[in-house]
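Inside the fold
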Amino acid sequence: MWKSLHNDIDHTRIPGVTLLLVLWIGICAGSVALVPSDQCTRVAAEFNTLYPGSVRANRSEEFIFHYRPIKGEAVRVWVSSPTNDSQRPLMFVVQQQQGVMSWQVPLVLRAITGVSYLYRDVSRTLCCLDVERPTSKFALKSPSQLRRMAAHATLEEKHFTVTVTTQSPSNVSYELRVTENSQFLLQSGIKYMFNATPSQPQFFVYEFASEEKSVMVNVTSRIENPCSVVSVQDFGCPVNDLDQNVNFAGRYQTMTSQAAITVQKTQQNSMFHLVFVVKTDDFACKGIVPLTPINLSEVVVDYDERVKELEVVITKTISRKVYMYAFVFCCTLFLPFYLVAFVWMCVRQWRTRPQRQPDVCNVKEQKKLSEDDSIPSSLSRDSYGAIGPMVVESPELKARRLRVDWTHASISSSDEDELEDYDTMDDALYDKNIIRSKPCLHVADLARRKHSAMTKKYQIYCWNLVTVGVFYVLPVIQLVLTYQNVLHDTGNQDICYYNFLCAHPWGVLSSFNNVFSNLGYFLLGLLFLLIVGFREFSNQMSPHTKGTHSQHELGLPKHYGLFYAMGFALIMEGLLSACYHVCPNYSNFQFDTAFMYIIAGLCMLKLYQKRHSDVNANAYKAYASFAVIIFFAVLGVVVAKRAVWFWILCTMVHILASLALSFYIYHMANWHFSIAIFKYIAVHFYNDCIRRCTRPLYMDRFILLVIGNIFNWSYAIAGLLIRPRDFDSYLLGIFMSNLLLYSAFYIIMKIRSGERILLVPMLFIILATVAWGAALYFFFQGLTSWEKTAAQSRERNKPCILLQFFDHHDIWHFLSSIAMFLSFMVLLTLDDDVDLVSRDKILVF
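Our subject in this report is the structure included herewith. The model shown is predicted, which means the values in this text are computed figures rather than measured ones.

Note that side chains of opposite charge can pair when their charged atoms are close. A full pass over the atoms with the stated rule returns 17 salt bridges. A salt bridge links Asp831 to Lys610, with the nearest nitrogen and oxygen atoms 3.3 Å apart. In this pair, Asp831 sits in the segment after α22 (808–829) while Lys610 sits in helix α14 (residues 589–611), placing the two residues 221 residues apart along the sequence. With relative accessibility at 5%, the residue Asp831 sits in the buried group. Between Glu755 and Lys750 there is a salt bridge, and its shortest N-O distance comes to 2.8 Å. Judged by its relative accessible area of 0%, Lys750 falls in the buried class. Here the salt bridges share partners, and the residues they tie into one network are Lys610, Arg611, Lys750, Glu755, Asp831 and Asp833.

Here's what the structure looks like:
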């Protein structure tokens, strides 16, 4: 079958088919020959020579550079073209042994705002891995000498090519120049100056010396604009040196006039690249959005107006010995407080040791209450509870006392009918509203409740504070450590607002010194708790407080619950301040101020409680008020900078709260603190001011409350008009100002009432004033400001000023902790002069 079919084929047709096939192949070959092929011109180029040229779609040029690289130098390629056609740009491709780098001209960079910027001059540094530090004998040589000496230390000859292509059908002209960067390898302690633009970034390399563990890269500029980025990247190729990719590797900071990055040596890499990129706009550094409408389709041509002049210096960081010196300094600074406190407690205990002689006050009281000289005063009924020698009553004396009692009883019984017609006003001795309405109040009038019950009431302040503090601080620690991990993982050092010129890392902490300097709050808070505990124990063992009735006790009521709460609040303030300084920024500033509100509030409550023991607020209401304040503080962080309604609400709450609290204080808690109090305010204002003008019953108290309301109303209105962004500091200013005002009033009224300020509290007042003045000086140095952007905050950074370890803010931590401790001691010792004065002789103000 296959054979027969094969035999039937006409062999005469084969030559014709072959001829047609050959003809078709020839036509195809001819047509291909008529189409011009791509032309590539190769040029053996040299360094420091300008090469002009032009290319089009089917014509490219290739420049071949042969060179012997010198250790410590790099190659930089500069290209320029007058074309603005971003659709068909020039493509420059650099082929090296380590890899390939390419870019286009014009170079198009998109800003954060969405606007595209076009650049016609582009300059890039080629990545080079053949870098070595000069030997130690070159270390003291000048840069020119280093270049001459390094010329003899060349490597093997290498080459790279620069290929220029385009898809434009017409000729596109360009210029090309390749130069050597002799300052590519940076040296420690030497200042380098250079320029950079968005299309002409710069990067260098630094190699750690064998003895170096870490270095600080300090970058400065004489001008703030344009915004730039400083990046530290691991040594290797490729290097991310454009605005679009500089954030993808290493650690980086935005910069206006100053930046600083601490780089630690690792076992994996003893070298790093230092990259400088100029941003296309200033939004990242200043956070200002253009007011004019943005056309995202518009392309802006930049004529290299954004030139940044930069200076960089790499210096060695502190050694481990400095860390040890700083720790010893802190211990040495606060150890004297413990020694002085110990000596003071010993002296006080010796001076208040029990005496064997009878109490003079109780002897006089016994004589006054005795009605029969023949009956011993110790056996009278009214001498119950008095301290004195115990006398055994004989049967004869007992019979005489019973006859006297029967006589008095019979007289009272016979006159009972006549006395029923008279109001003896015995209820005036028990009705608190009548007692508190007296024109001249004494401490005994406001300390009538059982001492043990009031002690338990004020102890709740301490235990509630400890509970709240534990539940508050644990999530805070977790949050700030998360912030720290995010900073290490992303490399974005704009997250945390450190003083980078004095930020010493230790472990996972980027600024250990700012955290460690809060140690004073913990140590002095603990010391204050020990002193309060000693005072309470000493008071319980004092002979003046045993066996006396509440009306006849000496001195102010001794309740220490609020003092314990103040000590724990100081410890919590130090802990939360340390948490804040793990990664200080706008979001967690409330952690640094939360317990400052509580400390100020507790101090005002303690001042008021000293002479108003029975009418002071209980712990639950006080901490509920603090919770409302913290809520407003958190809300202020979120909306205070842009919401007018929030400031209107805060102003109204501030004014109404001041008015209601003033009315409550003036009437000695005769009215319940509730919404109905505003009704009572309106009624009293109408009756006492409009219907008839009457003189205030408590003039001193009235003057204080008027001054306080004038200040608070003015402060609230000023906040509404100014609307500061830092709402937490604004709120803290309200508390601290009111505390200062009330403290000044208390001291003035104490002196006016004839009381004295002893030497010890006077010394504490002077020392606290000096400490607060010095502390505020260092606080207002303003090393950082999270009210601005991270780049603007770094403009305020300053070097360390104490032991090469602590900056101004660390000294503020030291001095403010001392100042708060001394202020607490003022409250603790201010009324020691009335310890032996009967409460019915101590005025209330």
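Before going further, it helps to examine the environment of Tyr715. Structurally, Tyr715 can be placed in helix α18 (residues 699–722). Assessed through its relative accessible area of 21%, Tyr715 is described here as partly exposed.

Before going further, it helps to examine the sheet that holds strand β13 (residues 202–207). The sheet built from four strands is open, its strands ordered β13-β18-β15-β16 with antiparallel pairing. Only two strands of the sheet have a single partner each, and these edge strands are β13 and β16 (251–255). Taking the axes of each pair of neighbouring strands and ignoring which way they run, one obtains an average angle of 20° across the sheet. Strand direction decides the pairing type here: strand β15 (residues 228–234) and strand β18 (residues 271–278), joined by seven bridges, are antiparallel.

This model, assessed by the stated rule, comprises four disulfides. Paired by a disulfide, Cys127 and Cys237 hold their sulfur atoms 1.7 Å apart. Sign of the S-S torsion, about -90° for the bond between Cys127 and Cys237, identifies this disulfide as left-handed. One end of the pair, Cys127, is in the loop between β9 (121–125) and α3 (143–150); the other, Cys237, is in the loop between β15 and β16, with 110 residues separating them in the sequence. Relative accessible area serves as the criterion here: at 33%, Cys237 is assigned to the partly exposed category. Two residues share a disulfide in this structure: Cys502 and Cys800, whose sulfurs sit 1.8 Å from each other. Linking Cys502 and Cys800, the disulfide has an S-S dihedral of approximately 105° and is accordingly described as right-handed. Of the two residues, Cys502 is situated in the loop between α10 (451–490) and α11 (512–516) and Cys800 in the loop between α21 (790–794) and α22; the sequence distance between them amounts to 298 residues. Cysteines bonded in the protein are numbered consecutively along the chain; their disulfide partners then correspond to 1-3, 2-4, 5-7, 6-8. Summary of cysteine pairing: Cys330 is not part of a disulfide, and the nearest cysteine sulfur, belonging to Cys331, is at 6.9 Å.

Here is what the cut-offs are and how they apply
Residues numbered from 1 in each chain as written. Predicted model: local features only at pLDDT ≥ 70, side-chain atom pairs only at ≥ 80, totals over all residues. Heavy atoms only, no water. Salt bridge = Lys/Arg side-chain N within 4 Å of Asp/Glu carboxyl O. Helix = DSSP H or I, 4+ residues; strand = E, 2+ residues; numbered from the N terminus. Buried < 20%, exposed > 50% of the residue type's maximum accessible area, 1.4 Å probe, protein only. Pairing = 2+ DSSP bridges. Axes fitted to C-alpha atoms, helices over the stretch in contact; angles between N-to-C directions. Disulfide = S-S within 2.5 Å.

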